[in-house]
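Below are the chains, spelled out letter by letter.
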Amino acid sequence: TVSNFSYFLRCNINSLSERNVVPFTQEIDQVTNYMSIQMVRFPNISITYELPVTSFSLPMLTIQPVVAHAVDCNLSTKSNDGKILIRTLEEQDSYVITISDNGSGLDESAATDEESLQFISDRIHMLCAGTLTVTNMQNKGTIVTITVPK
């Protein structure tokens, strides 16, 4: 776990100077390291990957902050098993990534929920003309969909 934490911090520090896109697999490595740390704190949370397509790029620190948001805002207070699922899909003009959880959903009154996801959305749009949409299922979870043009 210490090596995962070290790698996680190194990637975050490197991202401060990175203004371009990175391979999707690098983002998934960052998520894997982040989740190995979080699963020590929250052993009831698990993550599953369904990644039939991985050969594309996106802005650095796009997926991990969404996963962190799911852990912190939706799953950390869940008493039973919290699940996160990351999926990829290739469409004709784009790559689609969905990050879903079975948590409480977004608190409609919590502005910070919207602000943190809006920041990620703005970065995706600015760096690769992509989009981020949120589907909130109150008390059933959240689905974040990121679309990256080819």
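Structure: see above.
The text that follows walks through the structure, step by step, so that each part is easy to find.

Calculation notes
Residues numbered from 1 in each chain as written. Predicted model: local features only at pLDDT ≥ 70, side-chain atom pairs only at ≥ 80, totals over all residues. Heavy atoms only, no water. Core = buried A, V, L, I, M, F, W, Y, C linked by side-chain atoms within 4.5 Å. Buried < 20%, exposed > 50% of the residue type's maximum accessible area, 1.4 Å probe, protein only. Helix = DSSP H or I, 4+ residues; strand = E, 2+ residues; numbered from the N terminus. Contact = heavy atoms within 4.5 Å. Pairing = 2+ DSSP bridges. Axes fitted to C-alpha atoms, helices over the stretch in contact; angles between N-to-C directions. Salt bridge = Lys/Arg side-chain N within 4 Å of Asp/Glu carboxyl O. Phe/Tyr/Trp six-rings, centres within 6.5 Å; stacked < 30°, edge-to-face > 60°. Lys NZ or Arg CZ within 6 Å of the ring centre and 35° of its normal.

## A few points about the nonpolar core
Of all hydrophobic cores here, the largest spans 32 residues; its most connected members are Ile63, Ile84, Ile86, Ile97 and Ile146. Contributing elements (two or more residues each) for this core: helix H2 (24–41), strand E2 (45–50), helix H3 (63–75), strand E4 (82–90), strand E5 (94–101), helix H4 (111–128) and strand E7 (141–149). If one sorts the elements of this core by residue count, H3 sits on top with seven residues. Ignoring any residue separated from it by four or fewer positions in sequence, one finds isoleucine 63 in contact with Phe24, Glu27, Val31, Leu58, Ile86, Ile97, Ile99 and Ile146.

## Here's the deal with the pairing of E4
Bridge analysis of E2 against E4 gives six bridges, and the strand direction is parallel. In the sheet register, isoleucine 47 faces E4, and the bridge partner there is isoleucine 84. Bridging between E4 and E5 involves seven bridges; their strand directions are antiparallel. Within the sheet, the bridge partner assigned to threonine 88 lies in E5 and is isoleucine 97. Linkage of E4 to E5, two consecutive antiparallel strands, is achieved through a turn of three residues.

## Details of the sheet that holds E7
Note on sheets: strands pair through backbone hydrogen bonds, and any given pair is parallel or antiparallel. In spatial order, the strands read E2-E4-E5-E7-E6; together these five strands make up an open sheet with mixed pairing. The sheet is open, and its two borders are formed by E2 and strand E6 (131–137), each paired with just one other strand. Across the sheet, the mean angle from the axis of one strand to that of its neighbour is 15°, orientation sign disregarded. Summarising the sheet, E6 and E7 pair through seven bridges and their orientation is antiparallel. Note that in E7 the partner of threonine 131 across the bridge is threonine 147. Sitting on the sheet, H2 is in contact with E2, E4 and E5, with an inclination near 160° to E2.

## Looking at the pattern of salt bridges
The tally for this structure, following the rule as stated, stands at two salt bridges. Residue arginine 87 pairs with glutamate 50 through a salt bridge whose shortest N-O separation is 2.8 Å. Of this pair, arginine 87 sits in strand E4 while glutamate 50 sits in strand E2, and the two are 37 residues apart along the sequence. We classify arginine 87 as partly exposed; its relative accessible area is 40%.

## Side note on the environment of lysine 83
Positionally, lysine 83 belongs in strand E4. Residues lysine 83 and aspartate 101, spaced 18 residues apart in sequence, show a C-alpha to C-alpha distance of 5.5 Å. Setting aside residues up to four positions removed in sequence, lysine 83 forms contacts with Ser46, Leu75, Ser100, Asp101 and Asn102.

## Some details on unusual backbone geometry
Phi at leucine 61 takes a positive value of approximately 55°, unusual for a residue other than glycine. Inspection of the secondary structure assignment puts leucine 61 in the loop between strand E3 (57–59) and H3. You will see that alanine 129, though not glycine, has its phi angle at about 60°, which is positive. With respect to the helices and strands, the residue alanine 129 is situated in the loop between H4 and E6.

## What to know about the packing of aromatic side chains
On inspection of all chains with the given rule, the structure shows two aromatic pairs. With a centroid separation of 4.7 Å and 25° between ring planes, the pair formed by phenylalanine 24 and phenylalanine 56 is classed as stacked. With phenylalanine 24 in helix H2 and phenylalanine 56 in the loop between E2 and E3, the pair connects residues that are 32 residues apart, well separated along the chain. A single burial state applies to phenylalanine 24 and to phenylalanine 56, both of which are buried. Between phenylalanine 56 and tyrosine 95, the aromatic rings sit 4.5 Å apart at their centres with planes inclined by 10°, giving stacked as the arrangement. Of the two residues, phenylalanine 56 sits in the loop between E2 and E3 while tyrosine 95 sits in strand E5, which places them 39 residues apart along the sequence. Pair check on accessibility: phenylalanine 56 and tyrosine 95 agree, each one buried. Joined through ring pairs, the aromatic side chains of Phe24, Phe56 and Tyr95 make up one cluster. Lying across the ring of tyrosine 95, lysine 150 places its NZ or CZ 5.5 Å from the centre.

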